[in-house]
Amino acid sequence: MTVELLVDEAWFAVCDRDRLQPGRGVAALLPDGRQAAVFADRGGRLYAVENRDPFTGAYVLSRGLLGSTADGRAYVASPLLKQRFDLESGACLDDEAVSVTAFTVRAR
């Protein structure tokens, strides 16, 4: 199985599904020069958000820690300043004025 992201209305192959370990991210360079952080949770669900931390400008979200809120929203916490980003929407859970791009992801 290959993990693919929807980028500019086209599917882009990122990596083999077996390269994703639950709770650990993989960084991928996209055709438009951006980077994506791709994750699989313990339940096997796939997520992808922009890899750039908007608070520091560093490309580190793929190295962040996965978690979930009390109501079950999956997030990645930046390894630098610890802001949490919703893996579904890309919204920052700690500052509603900030977000990262969230990508549609599939395995096929």
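In the block above lies the structure referred to throughout.
Fair warning: this is a prediction, and the values are worked out from it, not measured in the lab. (Residues numbered from 1 in each chain as written. Predicted model: local features only at pLDDT ≥ 70, side-chain atom pairs only at ≥ 80, totals over all residues. Heavy atoms only, no water.)

## Quick notes on unusual backbone geometry
A positive phi angle, close to 65°, is found at Glu9, a residue other than glycine. Tracing the chain through its elements places Glu9 in the loop between strand 1 (2–7) and strand 2 (10–16). Judged by relative accessible area, Glu9 falls into the exposed class, the value being 79%. Although it is not a glycine, Lys82 sits at a positive phi angle of roughly 75°. (Helix = DSSP H or I, 4+ residues; strand = E, 2+ residues; numbered from the N terminus. Buried < 20%, exposed > 50% of the residue type's maximum accessible area, 1.4 Å probe, protein only.)

## Here's the deal with the environment of Leu5
If you trace the backbone, Leu5 turns up in strand 1. Since its relative accessible area comes to 0%, Leu5 is described here as buried. Sequence-wise, Leu5 and Asp95 are 90 residues apart; in three dimensions their C-alpha atoms are separated by 26 Å.

## A word on the pattern of salt bridges
Within this structure, the stated rule accounts for five salt bridges. A salt bridge links Arg34 to Asp32; its shortest N-O distance comes to 2.8 Å. Given a relative accessible area of 28%, Arg34 falls into the partly exposed group. (Salt bridge = Lys/Arg side-chain N within 4 Å of Asp/Glu carboxyl O.)

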